[in-house]
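# Summary of the model geometry
Below are the chains, spelled out letter by letter.
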Amino acid sequence: MKAHDGMYIGGEWRPARGRDTITVVNPADEQVVGHVPAGGAGDVDDAVRAARAALPGWAATPPAERAARIAALRDVLAARQDEIAETVTAELGSPLPLSRSVHAALPVAVAGSYAELAASYAFEETLGNSTVLHEPIGVVGAITPWNYPLHQIVAKVAPALAAGCAVVLKPAEDTPLTAQLFAEAVHEAGLPAGVFNLVTGLGPVAGQALAEHEGVDLVSFTGSTAVGARIGAVASAAVKRVALELGGKSANVILPGADLARAVNVGVANVMANSGQTCSAWTRMLVDAERYEEAVALAAAAFAKYVPGERIGPVVNAKQRARVRGYIEKGVEEGARLVVGGPEAPMERGYYVSPTLFADVTPDMTVAQEEIFGPVLCVLRYEDVEDALRIANGTVYGLAGAVWAADDAEAVAFARRMDTGQVDINGGRFNPLAPFGGYKRSGVGRELGPHGLAEYLQTKSLQL
Ligand code: NAD
């Protein structure tokens, strides 16, 4: 797609107030793919005003009509999937098959789920002598990251629109072209002017201005825990609602009776997807002492399939590459056994990192505690099931996880004791209606499905 040199505000592309721009680079070959405006507080203010002006009309629109507009948006996203996939590949560097099957396809499913939910959700309920109205929270400031650029936009904007809210989006600076494409899709779908607005810009400038703006009623943020904590503090001071979707360090727990080969292969694929840049990735594999070496050998064999530049893409930018390589060096320093990969760059051009497998990782090591956000898997040994649970729960995060056992009941019993928001049982598949969000420092609030819609609503009780 061709980059827009303006902001999408009030239903049209308007010139940015300033002249600053962001250069968009393809992480696979380090070539410039476009420029977008870097907005400031003035652009954010224009966008929030447009959203406030559009809010009463959209909030009063019957849910069935809102549903029809969201269905139209889903249809545009579906019709433009090839262009979306190519744009994501150009600015995120993900291999085209992944861009097609996940980055372009998942948002269609999520938008479709909200078209249905907008039509079927009970926006009114009766409790004794009260009628409880579930009303839109108001203007939403959405701040999104680059790792699943369109999914994370749709996971916020679609439920906000379904709820009757108006939105201002500030997307990640690494992937603004996908966000511009989304704004085009909103326009094509015929949403009323001002219901959705886009301001591209830098986090500490446009992002901060949006989070602090008094015309924003709810800030929905996905990204790092450090920035999320700051946004949470700003929002609380203003008595504003906040939803935070932060990092993770999820455990893939392989219990003694599990199908080891399957658990290891699915686990490696889970971490390698999107070059390890998935907040819910199972980056710690937990195996019993008896089958530990067999699991490490299976994982090493699975790693051979992930050739940089073919099945696995680069990480998003030079800063992330340096960060991931720093973690790999730290793992070696702290005594983990390097089985595959290492800190050396596998390619001369592009922000590639060698897929790296660490064994003999102990729970206290940095690589077992901190989110690396790259293609790095740590295999940890546990003595018994209680030890496995202690290790699985032994980080500040709690976003996702997996449990494999001889039967589902045994895996479910273990999963019930995990401090985490989502657990896949014996390879259970992704469900776009299931609530997604974190325990502990992985966040506040839930996205997707009816629970994701509820985040954008507030209640009013009428006593009759
Ligand atoms: P980040 O938190 O800096 O950026 C996420 C979004 O927040 C972007 O849109 C950014 O512009 C915006 N932002 C940055 N500073 C801001 C501020 N002061 N006020 C308001 N908005 C601001 O994340 P990053 O630097 O792109 O990535 C760093 C790390 O974050 C990664 O290595 C990874 O650990 C984590 N991360 C997690 C997720 C996730 O899905 N949970 C996604 C991306 C990154």
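Residues numbered from 1 in each chain as written. Predicted model: local features only at pLDDT ≥ 70, side-chain atom pairs only at ≥ 80, totals over all residues. Heavy atoms only, no water.

This part is about the overall build of the protein chain. Tallying secondary structure elements over the protein chain gives 15 helices and 20 strands in all. A globule of 464 residues ought to have a C-alpha radius of gyration of about 23 Å, and the protein chain, at 22 Å, matches this closely. Reported as C-alpha extents along the three principal axes, the dimensions of the protein chain are approximately 65 × 60 × 40 Å. When contacts within the protein chain are restricted to residue pairs at least 6 apart in sequence, those whose partners lie at least 24 apart make up 73%. On the protein chain, roughly 17,900 Å² of surface is accessible, and the fraction owed to carbon and sulfur atoms is 52%. One finds the centroid of the 38 positive side-chain charges in the protein chain at a distance of 3 Å from the centroid of its 52 negative side-chain charges. (Helix = DSSP H or I, 4+ residues; strand = E, 2+ residues; numbered from the N terminus. Rg over C-alpha atoms; globule rule 2.2 N^0.38 Å. Contact = heavy atoms within 4.5 Å. Areas by Shrake-Rupley, 256 points an atom, 1.4 Å probe, with all protein chains shown as cover. Lys, Arg positive; Asp, Glu negative; His and termini not counted. Charge placed at Lys NZ, Arg CZ, Asp CG, Glu CD.)

The next subject is the domain arrangement of the protein chain. When the domains of the protein chain are assigned, the result is domain 1 (6–246 + 442–463) and domain 2 (251–431). Each of domain 1 and domain 2 was reduced to a C-alpha centroid, and the two centroids are 30 Å apart. In this complex, domain 1 contributes 23 residues to the contact, which on the side of domain 2 involves 24 residues. Buried area between domain 1 and domain 2, summed over both chains or domains, comes out near 1,900 Å², and the portion from carbon and sulfur atoms is 55%. Across the contact surface, domain 1 and domain 2 share zero salt bridges. (Domains from an automatic or database assignment. Buried area = accessible area lost by both parts, 1.4 Å probe. Salt bridge = Lys/Arg side-chain N within 4 Å of Asp/Glu carboxyl O.)

Moving on: the sheet that holds strand β17 (residues 401–404). The strand order across the open sheet built from seven strands is β14-β15-β16-β13-β12-β17-β18, with neighbouring strands paired in mixed fashion. Edge positions in the open sheet fall to β14 (337–340) and β18 (424–425), since each of these has one partner strand only. With three bridges connecting them, β14 and strand β15 (residues 356–361) associate as antiparallel partners. The residue of β15 that forms the bridge with V340 is L357. Lying on the sheet, helix α10 (residues 292–303) is in contact with β13 (284–288), β14, β15 and β16 (376–382); it crosses β15 at an angle near 170 degrees. (Pairing = 2+ DSSP bridges. Axes fitted to C-alpha atoms, helices over the stretch in contact; angles between N-to-C directions.)

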